[in-house]
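Fold and contact review
Here are the chains, one letter per residue:
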Amino acid sequence: MTNLPLSCNVSYVRQKIFEDRLFPFPEGVCQTDLVLGYMKNGSLEKLTPRQSFMDLVPGVKTLILTVEEVKVPRPKDIPGRAFKILEGSERAVKWEYDPTAPPDQQWKQGALIVTIEAKPFAQGSMRLAYVMRDLANPSKKYVAKKYRESVSRESYFVDAKMQTVSGSLAAKYNEKKPPKKVDFLPCYVIELVDQPGEVLYGVEPFVSGAFKKYNNNNGFIAEERNTPQAFSHFTYEESGRKYMVVDIQGVDDMYTDPQIHTVGDDLGSLGRGNCGQSGIDKFLHSHQCNAICQYLQLSSINPKKPGQGGTVPRPQDLLKGLWDNFPKGAEEVSPATDVSTAATPVPSSPVPAITPTQPLSPNSTAQAVAVPPSPTPVTPVIAVRPPTPSTSPPPQILTSPVTPPQSPPTEKANTESIAPSSGLPSSSPLPPRHGRCVSDTESGVFQRAAVDAGMQPAQPWVAQNLRCQANLSGNRDSVSTLCVGSGKIFCGTSAGIVRVWDFETQQPLRGDGKMKPQHAKRVEGLCCNENQLISGSSDQTIKVWDLRTLMPEYILEEHTRPVFAVDCRDNILFSGSGDKMLKMWDLRTRSCLQTVECHSRAVRAISCSNTFVFTGSNDNSIKVWNTMSKLDCAYTFTGHTKWVKKLAIAGQYLFSASYDQTVRVWNLRELSCTAVLQGHEDFIDDICIGNNFLFSGSNDNTIRVWDVVTHKPVHKFRAHDGGVSALAFYNGVLLSGSYDYSIKLWKTD
């Protein structure tokens, strides 16, 4: 170093020495470790970094450069060769399966250093299990599994492949949000390279807990749990019925060592445990579909009876599939129209109707097409917005206001006919159907209106202004049921007679109005589709009548007790009887498709929707039945203390009338009772829905009116001199029948 100015300081000189590497400094030395100084009285006098050469004591001719001591880690800070994991360790090649990679790249290779204990900690009929540790994570325990007997190299790789594929199916299963998630332990194959020959193990993480087997590859099923069996069933449906994961075993729902039965070569060879279609059939023969299978909408296989135990979905998830298909834009809520103070009614914009194109199969999704709305303005209808999930509050007790005793409303003379003003509004999410009995009209997801195509929408009216507009003549027996369709009024009586009147003229048809031949005993229920009227009777028969000719077509005779309830969905008929049975009939083939014992006592009420059938019984319960494949009980409502007599659906609400003098309101999304409508002083025989009002008829001779959405009481009036036994709503007109033989038509002024 030459030509250094006297004004430069020690820091500059030190920097030049370090950057120019004038000396071979030890590794780890930096510029600040260099010290410059001179000898004074036999010791080193250090210079500070800011001192300049001009500050040096005169006579100093030699500068001394030293390096301060560099701290070197102590040997104990670095693991040595005596580290415990290396004792008895071996080198291994690791093979992992990736089902998403191209076929020739699915096995990924790596390297490990492992130790495997000499003695197995567990053993099965085919394999021994050893504790293994990996140098990369010595604190974690693994299970290394080795076959007892000599097997082919392929066996280890097939086992790992099946477990990884099963894990992928478990991830798809969990996407459905079942009550309990499942998983398979990640696994791989190792091959020890320091031992002679081929020494392989199957490896997976060690899991502590009680190990249980839930099913096997030969049809065995442990019935105490639903989740493992539902998962096996799910894999069969998810794969398009090409393969099924069985031999489910493990700790809780962390599974291991599965077997896959395959049909075809999609997954290649899967060992001797793959029994193919025979193994699948054995599972299907033993399996009973449970509540989780129902929730996942899997095809029904030997369904469990309700209450047989096992995990079940949360109530708010049980009918989730139904609400997933609920059309957006049709979820608004409109309470019953109140025009008592309105000068001119303001119609709402119509909502396009949705109609299913074909019946849903177990593996299909809902399909719908939009039907252009009628250009005629329509009244708002019930299209219920599903509420946000929350803890269901206690049911609200709503009591009809007590009004002073009053005389029956003035009955105007029936000197002229009631012109048909309209059907129910056609702006509901599902389309109106021709000839449907309106006593259980639905809207929202379940909407099925009973009106003739092309009729004009009803105008809003005030329930308090209901007046009797007509009293049908010719009936001489107690009225048991009413139905309206195709412009005709049908009445079933205690004498077994079905009578018919023209809706427009209120005049009896077929002379005296009798449809012959009559039933031998009381007519209990009526319903109709586009072409047929169906009557159920205490004589244990169901008669099917031609709506055009009013003549009987055929009789269905499989019930062994009185037929109390009938309801139809197009050409599918459902009937309930005192024999506790629910039957599903095909009206085209005149055959019974299914029969289930659905209650512990007589079935009194039936109401069906596009996907579900609801039944009410003398056992005081209401049951929900899925009709996607077979009749499976999806849920049971309890709360009534006496017979459930009638059911009606509106949007997401199911209404049930009972002999306990109440109407209960059930939220079909949350599966809970949200309100109890009280006020009647005797048992309730019938309910119906129209113009966004719920009408209830009781043996106390009164009809009470409730708002369908708010569930609040709106009006009550004395309708007959005897109990009100039957109700129906059609074209803006309320019809009521009574034990006093009368049938009245009520309309607003």
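Treat the numbers as computed from the prediction; the structure is a model and nothing was measured. (Residues numbered from 1 in each chain as written. Predicted model: local features only at pLDDT ≥ 70, side-chain atom pairs only at ≥ 80, totals over all residues. Heavy atoms only, no water.)

1. A closer look at the side chain of Ser 617
- In this structure, Ser 617 sits in strand S34 (residues 612-617).
- There is a polar contact of 3.0 Å between the side chain of Ser 617 and the backbone nitrogen of Asp 619.
- Here Ser 617 is in contact with His 599, Arg 601, Ala 602, Val 603, Arg 604, Trp 643 and Val 644, once residues within four sequence places are set aside. (Helix = DSSP H or I, 4+ residues; strand = E, 2+ residues; numbered from the N terminus. Polar contact = N/O pair within 3.5 Å; in protein donor to acceptor, adjacent residues only side chain to side chain. Contact = heavy atoms within 4.5 Å.)

2. Quick word on the sheet that holds strand S35 (residues 622-626)
- With antiparallel pairing, the 4 strands of this open sheet are ordered in space as S33-S34-S35-S36. Strands at the two margins of the open sheet, each flanked by one partner only, are strand S33 (603-608) and strand S36 (632-637). Each strand axis lies, on average, 25° off the axis of its neighbour in the sheet, ignoring direction.
- As defined by bridge partners, S35 adjoins S36 across 5 bridges and the pair is classed as antiparallel. Residue pairing for S36: Lys 623 is matched across the bridge by Thr 636. (Pairing = 2+ DSSP bridges. Axes fitted to C-alpha atoms, helices over the stretch in contact; angles between N-to-C directions.)

3. Focus on the pairing of strand S44 (residues 713-718)
- The sheet contact formed by strand S43 (residues 702-707) and S44 spans 5 bridges and is antiparallel. When the sheet's bridge partners are listed, Trp 706 is paired in S44 with Pro 713.
- Hairpin connection of S43 to S44: 5 residues between the antiparallel strands, including His 711 at a positive phi of 65°.

4. Things to note about the nonpolar core
- Counting residues in hydrophobic clusters, the biggest one holds 34 residues, and the most contacted among them are Tyr 173, Phe 231 and Ile 260.
- Sorting the residues of this core by element identifies helix H2 (153-175), helix H3 (227-238), strand S13 (243-246), helix H4 (276-286) and helix H5 (291-295) as the ones contributing at least two each.
- The element that contributes the greatest number of residues to this core is H2, accounting for 6 residues. (Core = buried A, V, L, I, M, F, W, Y, C linked by side-chain atoms within 4.5 Å. Buried < 20%, exposed > 50% of the residue type's maximum accessible area, 1.4 Å probe, protein only.)

5. Details of the environment of Arg 718
- Structurally, the position occupied by Arg 718 is in strand S44.
- The class for Arg 718 is partly exposed, based on a relative accessible area of 31%.
- Through-space distance from the C-alpha of Arg 718 to that of Thr 702 is 4.3 Å; in sequence the pair is 16 residues apart.

6. As for the packing of aromatic side chains
- For the structure shown, the criterion picks out 20 aromatic pairs.
- Site record: aromatic cluster; members linked through ring pairs are Tyr 173, Phe 184, Tyr 214, Phe 231, Phe 234 and Tyr 255.
- Note that Arg 225 overlies the ring of Tyr 214, its terminal NZ or CZ placed 5.2 Å from the centroid. (Phe/Tyr/Trp six-rings, centres within 6.5 Å; stacked < 30°, edge-to-face > 60°. Lys NZ or Arg CZ within 6 Å of the ring centre and 35° of its normal.)

7. With respect to the sheet that holds strand S3 (residues 64-67)
- If you trace the 3 strands from one edge of the open sheet to the other, you get S2-S1-S3, paired in antiparallel fashion. For this open sheet the edge positions go to strand S2 (43-46) and S3, each flanked by a neighbour on one side alone. Averaged over all pairs of adjacent strands, the angle between strand axes in this sheet comes to 50°, irrespective of strand direction.
- Relative to S2, strand S1 (residues 34-40) runs antiparallel, the two being bridged by 4 bridges.

8. Some remarks on unusual backbone geometry
- In this structure, Pro 517 follows Lys 516 across a cis peptide bond, with omega equal to 0°.
- Despite not being glycine, Lys 177 shows a phi value in the positive range, around 55°.

9. Comments concerning H4
- Buried within H4 we find Gly 276, Gly 279, Ile 280, Phe 283 and Leu 284. One side of H4 holds all its buried residues, which, seen down the axis, span an arc of 135°.
- Structurally, H4 contributes buried residues whose contacts are with H3, S13 and strand S16 (259-262). (Arc of directions from axis to C-beta.)

10. Regarding the packing of H3 against H4
- As a packed pair, H3 and H4 sit with axes 11 Å apart at the nearest point and diverge in direction by 135°. The angle between H3 and H4 places the two elements in the oblique class. The handedness of the crossing between H3 and H4 comes out as left-handed. Between H3 and H4, the contacting residues are Gln 229, Ser 232, His 233 and Tyr 236 on the first element and Ile 280, Phe 283 and Leu 284 on the second.
- When grouped by side-chain class, the residues that make up the contact of H3 with H4 number 4 nonpolar, 3 polar and no charged. (Parallel < 35°, antiparallel > 145°, perpendicular 65-115°, else oblique. Left-handed = near helix turned anticlockwise from the far one by under 90°. Nonpolar A, V, L, I, M, F, W, Y, C, P; charged D, E, K, R; others polar.)

11. Re the packing of H2 against H3
- Where H2 meets H3, the axes come as close as 10 Å, and the angle between the chain directions of the two elements is 100°. Classified by the angle their axes make, H2 and H3 are roughly perpendicular. Facing H2, whose interface residues are Ser 166, Leu 169, Ala 170, Lys 172 and Tyr 173, H3 presents Thr 227, Ala 230, Phe 231, Phe 234, Thr 235 and Glu 238.
- Across the contact of H2 with H3, the residue classes tally to 6 nonpolar, 3 polar and 2 charged.

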